[in-house]
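Below are the chains, spelled out letter by letter.
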Amino acid sequence: MTARITTPFGASSTADEVLAGVDLTGRRAIVTGGAGGLGRETARALAAAGADVTIAVRTRLDLADPASITNFVHNWSGPLHILVDNAGIMATPEQRTAEGRELQFATNHLGHFALTLGLHDALKAAGNARVVVVSSVGHVNGPVRFDDLDFTKEPYDPWLAYAQSKTANILFAVEAAKRWAGDGIAVNALNPGRIWQTNLGRHLETPPQAFDPSGRTGVSEKTIAQGAATSVLLAASPLVEGVTGKYFEDCQEAEPFVPGIRRGVAPYAIDADNARHLWNVSSN
């Protein structure tokens, strides 16, 4: 059994602290959802370290629209060193894409799956490229519902839909890391922590204080600068060079999930069979 990966950073570390002394000059990056919140801070920190950052926002990339993804990929040229699959939606009212897919699964997983696969050759061309997939502690609320991905058999539940999309993010990282190891592409997923200053929770009916307070459950509540720290660690820090197929939180590889404590990674989210099955389902 390999030792859990640790770094000197933690829950209170900021993105700038993690990248202090890191020179990204000459490296090209894409950050989805970079118009605000974690995405904007991630993009800012990478750019401050010298990276040439492209911010992929809805006006130029709609992750729920396959044609938009195809167009974005078609218009990208040259190598890509860093891809941060950051954009996401949470606990939305029931909505479907034009293709009939449940919106959270389509946006959070399928869109990023298609985008990352479309950019595979650019990542391979870069050499030692890194893909970072932003998941959530919310994945512990449920696995991928392979028998009813789009809630066509059972009533829609916004939190179960969110949970499966975030579990899918982790499984994607697990399988992509395995498939692309020979291409020099590292793929990892992460939980950024709970950050109330972003727009992610705009569909919540309960106030933040009433929703699963961290003092009871172990969730790390963070500022935006702290929330982006694990993303930039995986995107650019030499401390995790060569690390792939892992799930991080608070700048450390996550421990196994313990029921009742909202931390760690659920076993179904790193299961190799689940990861392979999700890849095949997502490719169809």
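Everything here concerns the structure above.
Residues numbered from 1 in each chain as written. Predicted model: local features only at pLDDT ≥ 70, side-chain atom pairs only at ≥ 80, totals over all residues. Heavy atoms only, no water.

1. As for the packing of helix α4 (residues 103-118) against helix α10 (residues 272-283)
Then, number 1: Where α4 meets α10, the axes come as close as 11 Å, and the angle between the chain directions of the two elements is 85 degrees. By the angle between their axes, α4 is roughly perpendicular relative to α10. Residue-level inspection shows F105, H109, L110, F113 and L117 of α4 in contact with α10, the latter providing L278, W279, S282 and S283. (Axes fitted to C-alpha atoms, helices over the stretch in contact; angles between N-to-C directions. Helix = DSSP H or I, 4+ residues; strand = E, 2+ residues; numbered from the N terminus. Parallel < 35°, antiparallel > 145°, perpendicular 65-115°, else oblique. Contact = heavy atoms within 4.5 Å.)

2. Describing the sheet that holds strand β7 (residues 252-253)
Then, number 1: Judged by pairing direction, the sheet is mixed, and its seven strands sit side by side in the order β2-β1-β3-β4-β5-β6-β7 without closing on themselves. The sheet is open, and its two edges are formed by β2 (52-56) and β7, each paired on a single side.
Then, number 2: Pairing between strand β4 (residues 129-134) and strand β5 (residues 185-191): six bridges, direction parallel. Bridging from a neighbouring strand, V134 pairs with L190 of β5.
Then, number 3: Running over the sheet, helix α2 (residues 37-48) touches β1 (28-32), β2 and β3 (82-85) and is turned about 170 degrees from β1.
Then, number 4: Here α4 sits on the sheet in contact with β1, β3 and β4, set at roughly 170 degrees to β3. (Pairing = 2+ DSSP bridges.)

3. A closer look at the packing of helix α6 (residues 158-179) against α10
The relative placement of two packed helices is expressed as an angle between their axes plus a distance between the axes.
Then, number 1: Running from amino to carboxyl end, α6 crosses α10 at an angle of 90 degrees, the nearest separation of the two axes being 8 Å. Between α6 and α10, the crossing angle belongs to the class labelled roughly perpendicular. Mapping the contact onto sequence places A168, L171, F172, V174, E175, A176, K178 and R179 in α6 and A272, N274, A275, R276, L278, W279 and N280 in α10.
Then, number 2: Within the contact of α6 with α10, the residues separate by chemical class into nine nonpolar, two polar and four charged. (Nonpolar A, V, L, I, M, F, W, Y, C, P; charged D, E, K, R; others polar.)

4. Focus on empty space enclosed by the protein
Then, number 1: Summed over the entire model, instances satisfying the criterion amount to one cavity of 30 Å³ or more.
Then, number 2: As a volume, the largest cavity reaches approximately 40 Å³.
Then, number 3: Around the largest cavity, the lining residues are V137, N191, G193, G218, V219, S220, E249, D250, R262 and R263.
Then, number 4: A class-by-class count of the residues in the lining of the largest cavity yields two nonpolar, four polar and four charged. (1 Å grid on protein atoms, 1.4 Å probe; cavity = no way out; pocket = protein on both sides within 12 Å on 5 of 7 lines; lining within 4 Å. Points joined across faces, edges and corners; volume = space filled by probe spheres on them.)

5. What about the pairing of β1?
Then, number 1: With four of its five residues buried, β1 lies for the most part within the structure.
Then, number 2: Inspection of the sheet shows β1 paired to β2 by five bridges, in the parallel sense. Each residue of the ladder has a partner; that of R28, found in β2, is D52.
Then, number 3: As defined by bridge partners, β1 adjoins β3 across three bridges and the pair is classed as parallel. Counted as the bridge partner of A29 is I82 from β3. (Buried < 20%, exposed > 50% of the residue type's maximum accessible area, 1.4 Å probe, protein only.)

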